Amino acid sequence: MPHAKLTLRIPEGIWVGTLTRNHPEATVRVLAALLEDEQGVGLVEVLSEDLPTLLSDMGAQADVTLVDVLQESDGRALVWFETSAPLPLLAARDSGVPLETPFEVTAGDLTWEVTAPHERLSELGEMLEALGVSFDVEYVRDSMPDEQLLTARQQRLVEAAVEAGYYDTPRECSLTELASTVDIAKSTASETLHRAEEKIVKQFAESIERPATDRD
């Protein structure tokens, strides 16, 4: 299943973009969000050196209809909010892409990771463009669950090797000791690890981030 990382530039006039541009040192981390009668409802963690001013500005945004500070301490606040302009939520809903949280907004840029079929990702891009949201695709990877990458035997041996310190520097466990720990022959341990390492390295090489694609 393809997994993508996007950087969205929130348009002017949308509260979270305006707020974080006015407070570039701040971070708004969206912990949960949903649509309710075309309104956005959510829970955010706000981090700022000047929290009282930022929260005041948040409540003053024209498209923010509710701000309820649930917790506040040491430059961090947990805030329940409602908005009349939930652009990411609308794009996710209309493209059929599940909204994955948490995601962060800093200085007007929203970093978003999504997992969906290629056609859904294309629809998401089209929806964002229709809403006036420019974005960069940082990468798209074809992910594979770990249990499909390694056999059960390989998985157990790799986990045992990590736990025993076989991959530590300096190495805390020899191959002979590892084989004894899992009660198999040294030659079997060597071959099994080699095959597992080959799969892991090849998957890593295939998943190296591709150059960003500018979608301005």
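Residues numbered from 1 in each chain as written. Predicted model: local features only at pLDDT ≥ 70, side-chain atom pairs only at ≥ 80, totals over all residues. Heavy atoms only, no water.

Caption draft 1: Region of interest: the overall build of the protein. Counting its regular elements, the protein contains eight helices and nine strands. Radius of gyration (C-alpha) of the protein: 23 Å, far over the 17 Å computed for a compact globule of 216 residues. Overall, the protein is about 70 × 40 × 30 Å in size when its C-alpha atoms are taken along their principal axes. Counting every position in the protein, which comprises 216 residues, the buried fraction comes to 38%. Averaging the coordinates of the 17 positive side-chain charges in the protein and doing the same for the 41 negative ones gives two points 11 Å apart. (Helix = DSSP H or I, 4+ residues; strand = E, 2+ residues; numbered from the N terminus. Rg over C-alpha atoms; globule rule 2.2 N^0.38 Å. Buried < 20%, exposed > 50% of the residue type's maximum accessible area, 1.4 Å probe, protein only. Lys, Arg positive; Asp, Glu negative; His and termini not counted. Charge placed at Lys NZ, Arg CZ, Asp CG, Glu CD.)

Caption draft 2: Representation of the pattern of salt bridges within the structure. A full pass over the atoms with the stated rule returns eight salt bridges. The partner of Arg93 in a salt bridge is Glu38, with the nearest N and O atoms 2.7 Å apart. Placement of the pair is Arg93 in helix α3 (residues 87-95) and Glu38 in the loop between β2 (27-36) and β3 (39-47), with a sequence separation of 55 residues. On the basis of relative accessible area, Glu38 is assigned to the partly exposed category, the value being 45%. Note that Arg93 is salt-bridged to Asp94, the shortest N-O span being 2.8 Å. Exposure remark for Arg93: the relative accessible area of 42% places this residue in the partly exposed category. (Salt bridge = Lys/Arg side-chain N within 4 Å of Asp/Glu carboxyl O.)

Caption draft 3: Inspection of the nonpolar core at higher detail. Counting residues in each nonpolar core, the largest one holds 39 residues, and the members touching the most others are Leu8, Trp15, Val44, Trp112, Leu124 and Leu128. Non-local contacts of Leu124, meaning those with residues more than four positions away in its chain, are made with Leu6, Ala91, Ala92, Ser95, Val97, Trp112 and Val114. Leu149, Leu150, Ala160 and Leu193 belong to the second largest nonpolar core, which has 14 residues in total. (Core = buried A, V, L, I, M, F, W, Y, C linked by side-chain atoms within 4.5 Å. Contact = heavy atoms within 4.5 Å.)

Caption draft 4: Structural context of the pairing of β3. Within β3, seven of the nine residues are buried, leaving the element largely enclosed by the surrounding structure. In this sheet, β3 lies alongside β2 in antiparallel orientation, the contact comprising nine bridges. Bridging across to β3, Arg29 finds its partner in Glu45. (Pairing = 2+ DSSP bridges.)

Caption draft 5: Summary view of empty space enclosed by the protein. Scanning all chains against the criterion turns up one cavity of 30 Å³ or more. Size it by volume and the largest cavity reaches roughly 180 Å³. What lines the largest cavity is a set of 17 residues, among which Trp15, Val16, Phe81, Pro86 and Pro88 lie closest to the centre. Elements with a contribution of two residues or more to the lining of the largest cavity: α1 (15-22), β2, β3, β5 (76-83) and α3. The element that contributes the greatest number of residues to the lining of the largest cavity is α3, accounting for three residues. Counted by class, the lining of the largest cavity contains 15 nonpolar, two polar and no charged residues. (1 Å grid on protein atoms, 1.4 Å probe; cavity = no way out; pocket = protein on both sides within 12 Å on 5 of 7 lines; lining within 4 Å. Points joined across faces, edges and corners; volume = space filled by probe spheres on them. Nonpolar A, V, L, I, M, F, W, Y, C, P; charged D, E, K, R; others polar.)

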